[in-house]
There are 2 protein chains.
Amino acid sequence: MKIEVIGLGVVGGSYAGALTAAGHTVYGVARNETTIAKAKSRGMIADGGTDAAAFAPLADVVVIALYPGQVAAQLRALAPYLRKGTVVTDVAGIKSVIRDEVEASLPDGIEFVFAHPMAGREKRGIDYADPSVLKGANFIVVPGAKTSPRAVQVVRDLAEDMGFAHIMTVSAERHDEIIAFVSQLPHAIAVALVNSDEESAETEKFIGDSFRDLTRIASINETLWSELFLGNRANLIRSIEDFEAQLDEIKDALQRGDKDKLESLFRSSTERRNRYVKR
Amino acid sequence: MKIEVIGLGVVGGSYAGALTAAGHTVYGVARNETTIAKAKSRGMIADGGTDAAAFAPLADVVVIALYPGQVAAQLRALAPYLRKGTVVTDVAGIKSVIRDEVEASLPDGIEFVFAHPMAGREKRGIDYADPSVLKGANFIVVPGAKTSPRAVQVVRDLAEDMGFAHIMTVSAERHDEIIAFVSQLPHAIAVALVNSDEESAETEKFIGDSFRDLTRIASINETLWSELFLGNRANLIRSIEDFEAQLDEIKDALQRGDKDKLESLFRSSTERRNRYVKR
């Protein structure tokens, strides 16, 4: 297929590389020519440029790999140039907040399939794009109100081509609820954990694997993640509060000196973790 | 040197294997003969048995690799059999709560050096002992009130022999403060995170690297960790409260829709994380 990828950051660049490797013809669009030159020299794209409209008429599929708030505007700018039957998709980590504007921006004859590739890196830019991060990752598809089964299948097939392992279809509402818990809450926790250090110069000398693991994602793209958090506020606040209630159970057991309660909380977490992650 | 290791669980077993590999003669003590037979067949110990007193007269160094609450009683049971000049050490993850009783149990002519190897596994028992987990890990030494520099050096040298990378000496009070933050708080967070799931059957299908990393240590030895938590209650409660205050800053910024504040919190966490962990 001929695929236009708009935005060649970590996710867009990884998509472009993975789709090219799978035999598709990829056109890349970025804000500056340096990025295009890098993508070409690394063999990620067949052609590219800074003008999204120039490649739109050629594309069977368009991937808008921009920040959530930019998706609808990009779609509107592109609309006059798309051929009938083209499937457009995105990579945004939140869905409910962008859905209505995106669907209202959709021209007749064009289909939109929301998608969320659950892979990425804490760095930004094409220098950190790497198709291998997509391998084995989860991929969530959120069909729009008028999306045809054919268009959903096109996007699922591309996800398979890129190496995603589990491809699931859910509603926008359910997507945002789940993401608040499995992705946004862990990021909020990692940030709060690092920021709660008394910041003696000594911390780094004493950290072990557990602290390292829990804080890896505290190194975070602040522009993207503040948008993701605010675009899913209600769900994330609820997840934080559920988490705090559980942490307070531990704190209360400590204050009471209640060993039985602590052991019971630890048995519960052990049983759940071993069920979730079988390795 | 001739070294008696009492307790051949994950930490004691790993010690035994690493010390044997470094050329020391290791005697292992465990509650049952099956464990001793495994340790012998895996080449971790030169000899061993279920009676700690039997090997005490042979030892230059005794490692009590038991739970924190068992250290002083084991020392008292062993006291009549130790040669003058023997150095005894432990592996407990908390120090202030055991220090006074251990020091009161110390016979004349014997020295005790508290130690905390910051390595381990979430499983228990000799089947999960593995000297390689000690390589490159941090090792904390806490001298007792009457410990000689010679005895401290003996334990530091053994830590180097086992492959620990950073060997630090601190007071018991400071050890417990730091450990509450860098080790116990992450474990409390991981447990609370897993336990706060609404437990739809779907979670496991949606988790990504971040959730996996943050919850690895939610699979936890409940007997040991409830003892570690309760033995360091005041410090851990303070660490939990400092963390909750930071998490509330994120929640408050979400409630106010304050993007600038979120970005500033994320920049702070990114700067700190990149400083702590240089990789």
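Since we're looking at a predicted model, the values are computed, not measured.

Below, the discussion takes up the overall build of chain A. Of regular secondary structure, chain A possesses 12 helices and eight strands. Taken over the C-alpha atoms alone, chain A extends approximately 70 × 40 × 30 Å along its principal axes. Expressed as a percentage of its 279 residues, the buried residues of chain A come to 51%. A separation of at least 24 residues holds for 71% of the contacts in chain A among residues at least 6 apart in sequence.

Our next topic: the interface of chain B and chain A. Between chain B and chain A, the contact holds 74 residues from the first and 73 residues from the second. Of all the elements in the fold, those that place two or more residues in the side of chain B that touches chain A are strand S8 (166–169), helix H7 (172–195), helix H8 (203–206), helix H9 (209–215), helix H10 (222–230), helix H11 (233–256) and helix H12 (259–276) of chain B. Looking at the side of chain B that touches chain A element by element, the count peaks at 14 residues for H7(B). For the side of chain B that touches chain A, the residue count by class is 37 nonpolar, 20 polar and 17 charged.

This part covers the sheet that holds strand S2 (residues 25–29) of chain A. Residue and element names in this part refer to chain A. Read across the sheet, eight strands follow the order S3-S2-S1-S4-S5-S6-S7-S8 without closing on themselves; strand pairing throughout is mixed. In the strand order of this sheet, the two ends are held by strand S3 (47–49) and strand S8 (166–169), each with one partner. Strand-to-strand twist across the sheet, computed as the mean angle between neighbouring axes with direction ignored, equals 20 degrees. Where strand S6 (residues 111–118) meets strand S7 (residues 138–143), six bridges bridge the pair, whose relative direction is antiparallel. Along S7, the bridge assignment pairs Ala-115 with Val-141.

Side chains that are nonpolar tend, in soluble globular proteins, to be buried together. The biggest cluster of nonpolar side chains holds 188 residues, and the ones touching the most others in it are A:Val5, A:Val63, A:Ile189, A:Val191, B:Val5, B:Val63 and B:Val191. In this structure, B:Val5 is in contact with B:Gly12, B:Tyr15, B:Ala16, B:Val26, B:Gly28, B:Val29, B:Val63 and B:Ala65, ignoring residues within four places of it in sequence.

The next point concerns the sheet that holds S8(B). Residue and element names in this part refer to chain B. With respect to topology, eight strands assemble into an open sheet ordered S3-S2-S1-S4-S5-S6-S7-S8, the strand pairing being mixed. The outermost strands of the open sheet, each flanked by one partner alone, are strand S3 (47–49) and S8. For this sheet the average axis-to-axis angle between neighbouring strands, irrespective of direction, equals 20 degrees. Pairing geometry for strand S5 (residues 87–90) and strand S6 (residues 111–118), over three bridges, is parallel. Considered in S6, the bridge of Thr-89 is made with Val-113. Helix H2 (residues 33–41) rests against strand S2 (25–29) and S3 of the sheet, and its axis sits at about 170 degrees to S3.

Another point: the domain arrangement of chain A. For interface size, the figure often reported is the accessible area lost on association. Residues and elements named next belong to chain A. Domain annotation of chain A identifies domain 1 (2–170) and domain 2 (175–276). With 14 residues of domain 1 at the contact, the number on the domain 2 side is 12 residues. The residue makeup of the side of domain 1 that touches domain 2, split by class, is seven nonpolar, four polar and three charged.

The next thing to look at is the packing of helix H10 (residues 222–230) of chain A against H12(B). At a minimum axis separation of 9 Å, H10(A) and H12(B) run at an interaxial angle of 130 degrees. It follows that H10(A) is oblique to H12(B) by the angle criterion. In the packing of H10(A) onto H12(B), the handedness of the crossing is right-handed. Across the interface between the two elements, A:Glu222, A:Thr223, A:Trp225, A:Ser226, A:Phe229 and A:Leu230 of H10(A) pack against B:Lys259, B:Leu262, B:Glu263, B:Phe266, B:Arg267 and B:Thr270 of H12(B). Partitioned by chemical class, the residues of the contact of H10(A) with H12(B) number five nonpolar, three polar and four charged.

Turning our attention to H12(B). Because an α-helix packs 3.6 residues into every turn, residues spaced three or four apart end up facing the same way. Taking 1.5 Å per residue as the helical rise, H12(B) with its 18 residues ought to reach 26 Å, and the 26 Å between its terminal C-alpha atoms agrees with that figure. Within H12(B), burial applies to B:Leu262, B:Leu265, B:Phe266, B:Ser269, B:Arg272 and B:Arg273. Buried residues along H12(B) cover an arc of 135 degrees about the axis, so they all sit on one side. The exposed residues of H12(B) that point more than 90 degrees off its buried face are B:Asp260 and B:Arg267. Turning to H12(B), the residues buried within the fold contact helix H7 (172–195), helix H9 (209–215) and H10 of chain A together with H11 of chain B.

Time to look at the relation of the copies chain B and chain A. Put simply, the two copies of the chain differ by a rotation about an axis and a shift along that axis. In the superposition of chain B on chain A (RMSD 0.0 Å, axial shift 0.0 Å), the rotation amounts to 180 degrees. The operation mapping one copy onto its partner corresponds to a two-fold rotation axis. Taking C-alpha positions as the reference, the residue of chain B nearest the rotation axis is B:Leu214, at 2.4 Å. Of the residues that chain B buries at the interface, 99% are likewise interface residues in chain A, meaning the two copies contact each other through the same surface.

In the contact formed by helix H12 (residues 259–276) of chain A and H7(B), the axes pass within 9 Å of each other and the chain directions differ by 65 degrees. The orientation of H12(A) relative to H7(B) falls into the category roughly perpendicular. Crossing of H12(A) over H7(B) shows left-handed handedness. Residues A:Leu265, A:Phe266, A:Ser268, A:Ser269, A:Arg272 and A:Arg273 of H12(A) lie in contact with H7(B), whose contacting residues are B:Val191, B:Val194 and B:Asn195. Tallied by class, the residues present in the contact of H12(A) with H7(B) amount to four nonpolar, three polar and two charged.

The next thing to look at is H10(A). Turning to H10(A), its buried residues are A:Trp225, A:Ser226, A:Glu227, A:Leu228 and A:Phe229. If you follow the buried residues of H10(A), they end up packed against H7 and helix H11 (233–256) of chain A together with H11 and H12 of chain B.

The next thing to look at is the environment of B:Gln70. With respect to the element layout, B:Gln70 can be found in the loop between strand S4 (61–64) and helix H4 (71–78). Linking B:Gln70 and B:Ala92, residues 22 residues apart in sequence, is a C-alpha distance of 9.7 Å.

Definitions and limits used
- Residues numbered from 1 in each chain as written.
- Chains lettered and ligands numbered in written order.
- Predicted model: local features only at pLDDT ≥ 70, side-chain atom pairs only at ≥ 80, totals over all residues.
- Helix = DSSP H or I, 4+ residues; strand = E, 2+ residues; numbered from the N terminus.
- Buried ≥ 20, exposed ≤ 12 C-beta atoms within 10 Å, placed from the backbone.
- Contact = placed C-beta atoms within 7 Å.
- Nonpolar A, V, L, I, M, F, W, Y, C, P; charged D, E, K, R; others polar.
- Pairing = 2+ DSSP bridges.
- Axes fitted to C-alpha atoms, helices over the stretch in contact; angles between N-to-C directions.
- Core = buried A, V, L, I, M, F, W, Y, C linked by C-beta atoms within 7 Å.
- Domains from an automatic or database assignment.
- Parallel < 35°, antiparallel > 145°, perpendicular 65-115°, else oblique.
- Left-handed = near helix turned anticlockwise from the far one by under 90°.
- Expected span 1.5 Å × (residues − 1).
- Arc of directions from axis to C-beta.
- Least-squares fit on C-alpha atoms with pLDDT ≥ 70 in both.

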